[in-house]
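The primary structure of each chain is shown beneath.
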Amino acid sequence: MEEALGIDVQNPRIMWKINSKSPFKQDECRLLVASSKENVMKGKADIWDSGKIKTEDQLVYYEGNRLKSHTRYWVMVEVISGNKTIKSQPTWFETGKMSLTDWNASWITDDHNSDYEPSPMFRKDFTVNKNIASARYYISGLGYYELFLNGEKIGNNLLDPGFTDYGKRVLYSTYDVTKAIKKGKNAAGIQLGNGWYNEQTPTVWNFHQAPWKDRPRLICELLITYTDGTQEKILSDNSWKTSTGPYLFDNIHVGVTYDARKEQKGWNTAGFNDSAWKNAKLTTSPAPLVEAMKMPAISFSDLVTPVSVTQKNDTTYIVDMGINFAGVCSLKIKGPAGASVKLRHAEMLDKEGNIDQQNINMHLRPRNSREVIQTDIYTLKGQGIEEFFPQFTYHGFRYIEVTLSEPMVIDKNTLTGVVMHSNVDKIGSFECSNELLNKINEICNRSYLSNLFGIPTDCPTREKNGWMADGFMVQEAGMFTYDSRNVYAKWVRDMIDAQEENGNVPGIVPTSWKWDSNWAGPIWDAAIFIVPYTLYQYTGDIETIREIYPTAERYMKYIETREDERGLINHGLNDWLFYKAETPVDFMTTSYVYWNNIVMAKMSELIGRSDQKQKYLDKAAVLKKRINDNFFDTKTVSYSNKTQLAYALPLYFDIVPAEYKDRLAENLREKMKETDGNLDFGFIGSVMVPDALSETGNTDAAFRMATKTTLPSWGYWIKETDATSLYETWDVTRRIGDASLNHPSMGAINAWMYKYLAGINLDPAEPAFKKIIIKPSFVQGLDWVKASHDSQQGVIKSEWKREGNKVTLKVTIPATSTASIILPGETTKEVKGGEHVFTINQ
């Protein structure tokens, strides 16, 4: 977070990048933390002076005096290289509520129970009599909230706060509202929505039975600091007034029913007559932890204009947005009071050109005819052109069916698609001479963002669930292109909250606690190891490893109790939605548990628990032997039932004995030839097979597979079905009745493009690209590749171009990094920061 507002961490990590066109070696650093910008610029560290720290790391923990709540701290970094000292520009972070006792406000709600559908509004008038120096608003409203001051919406956040296990942890946000408050009369207004906190429409995942389910509620605190140094707080309490208004129903899966005739004009402005409103009711905190939201909020990133509007009859239209994305439609329409517009969202059309929701409605258990998946209903107030933006929900869609209660004008200006996702910065790019790969890259990115909503999800339509394997399978691909580190860091805490008493973790996080958590099994559980360790590899930050470690320890004890008579793990899902070849569960799950032990050994060492390292390495060795004893055929040099994944997995996890590795890799290549280079695997195989091929020198085979356009392939989706997002299953025409058309899980191919075509790779021994391995593959069929990634050290670029028999590679290495350049037929070259050009004949 840059200029982090409202954090609640006593020892925040301070990170920096060094911008230099030439190599730069940091020998020492010094951190200055001061109470004012003037002090820090003068070198007066009245809060903390770290002194000179001998380190090359560009990450230091604050270790000064205890931080105070509601306080801005100024930071400057000094970096020493030899006799040279360079200084950063000053920046700041500001604390929020450092403990629960810092909250003076109370949680409030209204008199209705959780079954009452209209969502509550709250308001409070207050007067400011002095000149304002600054003002901060601290707020959490469950399930979601919209905050207004003097009639203006505060912030661009949507679906705030982030989804958690509300019985264990609730998030709050901090806003700088200095400019929104004025001297004189003011008013605060808050509209709440149900979200995941009060899921009213049943689904098979049973969030309507979650232990936290309750009537929406909020806590908020406005802290005003005056120019004379005094402070005043406007707190949520039972003096606030509450009512209901136009939000008659809102649901995360169904949508919003909004009656504009019930709007109360000026309800969120000063002087509104709220005599008919009731006083708010004091209530309790849903969770023992109320924590600052430190990840990017969900917001809108783009607007989409329809490519076509087709009239079916006088009152029915089909709108095509041209792409499948996650978000909502903003409506602009004119009509009489009481007329209604129904918007039903879908990913596909039937043969008659009508929307078809059969692939997204199977998990909903509606209580009435109004509860239709992904449906927003707006009733007009009859006052000129009306605009409607449905808060408190989102959909996954390309097509919208517009149904009118009576004829009204519908055209391309009626609906605008609003693209929504966690507001992560784009930090990577990939493009090449193969347009099909560019399109695959594009749809991978779109599906990744469509499923980044405070947690990584499986689809933005029927579930919106945080399936753990779906999340970790595309984590690396996502982090190459987007700065999503804080979303994953938050998700790790959700995993901690979701652990059961026996040590098991569910396949969905957060979970409703009302479904069979054993169903998904160990491959999905592996997220508690893979996600924090991948975060460490890409950022150099071990904090999530520290947090998850006790959870991971308990899980390792639990999973040992699930071993069968062979000492193998034989439950849960395997290669979900494989094409034809199914790889056995016991082989796959035991291999993942083996890898969990390898990761645990690494994490033990990283956090200073080296005493535990050998225990996990020993267990890994035992499992490795069991896997090879039960599944490895030394005569044929093959594993299990000889699927593509069965060959790739032991290479990917380094399970195969060293003396057989080359032969197993060759057998994988031959296995690919049996299908003419076509893939034959599911979710897990989409991660492992391309990487295993490339890691063993067979990127040409992986490239042929990745660029196929026959079933099954990514190219088939694009060429034959006009895909603008990733699908859940390869044979979408066969599984259309239950297949999501915006599913990120097959998106690891994006990371493969960065790592093996562009050649940008981490050195496992040096996290966060401190040491880089540049190893591009100049495969036949590609004329050029360009890729970049803005790492913790700085921007890495790899570009190559083929001209005749000559290939020219240009790389950019961050000033503080070193890189090994590995080119075909050439000796490895070690380079430092800066631009470097290499030419080889091929």
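Residues numbered from 1 in each chain as written. Predicted model: local features only at pLDDT ≥ 70, side-chain atom pairs only at ≥ 80, totals over all residues. Heavy atoms only, no water.

Points about the pattern of salt bridges
So, point 1. Considering all chains together, one arrives at 60 salt bridges under this definition.
So, point 2. The salt bridge involving Lys771 is made with Glu830; its shortest N-O contact spans 3.7 Å. Of the two residues, Lys771 is situated in strand E39 (residues 771-774) and Glu830 in strand E43 (residues 829-841); the sequence distance between them amounts to 59 residues.
So, point 3. Judged by its relative accessible area of 17%, Lys771 is buried.
So, point 4. Relative accessible area serves as the criterion here: at 53%, Glu830 is assigned to the exposed category.
So, point 5. Connected through salt bridges with shared partners, the residues Arg169, Glu291, Arg493, Asp497 and Glu547 form a single ionic network. (Salt bridge = Lys/Arg side-chain N within 4 Å of Asp/Glu carboxyl O. Helix = DSSP H or I, 4+ residues; strand = E, 2+ residues; numbered from the N terminus. Buried < 20%, exposed > 50% of the residue type's maximum accessible area, 1.4 Å probe, protein only.)

Quick look at the packing of aromatic side chains
So, point 1. The final tally for this structure, using the stated rule, is 48 aromatic pairs.
So, point 2. A ring pair is formed by Phe163 and Phe207, whose centres lie 6.0 Å apart and whose planes are at 70 degrees; its orientation type is edge-to-face. Taken together, the residues Phe163 in the loop between strand E14 (152-153) and strand E15 (169-176) and Phe207 in the loop between strand E16 (184-193) and strand E17 (217-226) connect sequence positions 44 residues apart. Residue Phe163 shares its accessibility class with Phe207, and that shared class is buried.
So, point 3. With 5.5 Å between their ring centres and 80 degrees between their planes, Phe480 and Tyr538 make a pair best called edge-to-face. Of the two residues, Phe480 sits in helix H4 (residues 475-481) while Tyr538 sits in helix H7 (residues 527-539), which places them 58 residues apart along the sequence.
So, point 4. Residue Phe480 is classed as buried on the basis of its relative accessible area, which comes to 0%.
So, point 5. The rings of Phe163, Tyr166, Trp196, Tyr197, Phe207 and Trp212 are connected pair by pair, giving a single aromatic cluster.
So, point 6. Sitting over the ring of Tyr138, Lys97 keeps its end group 4.8 Å from the ring centre. (Phe/Tyr/Trp six-rings, centres within 6.5 Å; stacked < 30°, edge-to-face > 60°. Lys NZ or Arg CZ within 6 Å of the ring centre and 35° of its normal.)

Some details on the pairing of E15
So, point 1. Where burial is concerned, most of E15 is hidden: seven out of the eight residues are buried.
So, point 2. Summarising the sheet, strand E12 (residues 132-142) and E15 pair through four bridges and their orientation is antiparallel. Within E15, the residue paired with Tyr138 across the bridge is Thr174.
So, point 3. Pairing analysis gives four bridges linking E15 to strand E24 (residues 289-292), with the strands arranged parallel. Note on E24: the bridge partner recorded for Val170 is Val290. (Pairing = 2+ DSSP bridges.)

Comments concerning the sheet that holds strand E13 (residues 144-149)
So, point 1. With antiparallel pairing, the six strands of this open sheet are ordered in space as E14-E13-E16-E11-E19-E22. This sheet does not close on itself; its edge strands, each paired only once, are E14 and strand E22 (278-279).
So, point 2. Note: E13 against E14, two bridges, orientation antiparallel. When the sheet's bridge partners are listed, Leu149 is paired in E14 with Glu152.

Some remarks on helix H8 (residues 543-560)
So, point 1. With 18 residues, H8 should cover 26 Å at 1.5 Å per step; its first-to-last C-alpha distance of 27 Å lies within 8% of that length.
So, point 2. If you look at H8, its biggest bend is around 45 degrees, right at Tyr549, and the proline Pro550 turns up within four residues after that.
So, point 3. Taken together, the buried positions of H8 are occupied by Glu543, Thr544, Ile545, Ile548, Tyr549, Thr551, Ala552, Glu553, Tyr555, Met556, Tyr558 and Ile559. (Expected span 1.5 Å × (residues − 1). Bend = angle between axes of the 7 residues up to and from the residue.)

Focus on the environment of His70
So, point 1. You can see His70 is positioned in the loop between strand E6 (59-61) and strand E7 (72-81).
So, point 2. What His70 contacts, discounting residues up to four positions off in sequence, is Thr95, Gly96, Lys97, Asp102, Tyr138 and Leu223. (Contact = heavy atoms within 4.5 Å.)

Considering the packing of helix H9 (residues 585-606) against helix H11 (residues 644-652)
So, point 1. Packing of H9 against H11 leaves a shortest axis separation of 11 Å and a crossing angle of 15 degrees. Taken together, the axis directions place H9 and H11 in an arrangement best described as roughly parallel. For H9 against H11, the interelement crossing comes out left-handed. Residues Phe587, Met588 and Ser591 of H9 pack against Leu645, Ala646, Leu649 and Pro650 of H11.
So, point 2. Class assignment of the residues belonging to the contact of H9 with H11 gives a composition of six nonpolar, one polar and no charged. (Axes fitted to C-alpha atoms, helices over the stretch in contact; angles between N-to-C directions. Parallel < 35°, antiparallel > 145°, perpendicular 65-115°, else oblique. Left-handed = near helix turned anticlockwise from the far one by under 90°. Nonpolar A, V, L, I, M, F, W, Y, C, P; charged D, E, K, R; others polar.)

Here's the deal with the environment of Lys719
So, point 1. With respect to the secondary-structure elements, Lys719 resides in helix H15 (residues 714-721).
So, point 2. Distance from Lys719 to Thr203, taken between C-alpha atoms, is 34 Å for residues 516 residues apart in sequence.

Remarks on the packing of helix H5 (residues 485-498) against H8
So, point 1. Interaxial distance between H5 and H8 falls to 9 Å at its minimum, and their mutual angle equals 15 degrees. Classified by the angle between their axes, H5 and H8 sit roughly parallel to one another. Handedness of the H5/H8 crossing: left-handed. Contact residues: Ala489, Val492, Arg493, Met495 and Ile496 in H5; Thr544, Glu547, Ile548 and Thr551 in H8.
So, point 2. A per-class count over the contact of H5 with H8 returns five nonpolar, two polar and two charged.

Here we look at the nonpolar core
So, point 1. Counting residues in hydrophobic clusters, the biggest one holds 212 residues, and the most contacted among them are Val402, Phe472 and Ile774.
So, point 2. Here the element with the most residues in this core is H9; it accounts for 10 residues.
So, point 3. The residues contacting Ile774, other than those within four sequence positions of it, are Gly759, Ile760, Ile796, Ser798, Leu809, Val811, Ile813, Ala819, Ser820, Ile821 and Ile822.
So, point 4. Ranked by size, the runner-up nonpolar core spans 25 residues in total, among them Tyr145, Val177, Ala188 and Cys220. (Core = buried A, V, L, I, M, F, W, Y, C linked by side-chain atoms within 4.5 Å.)

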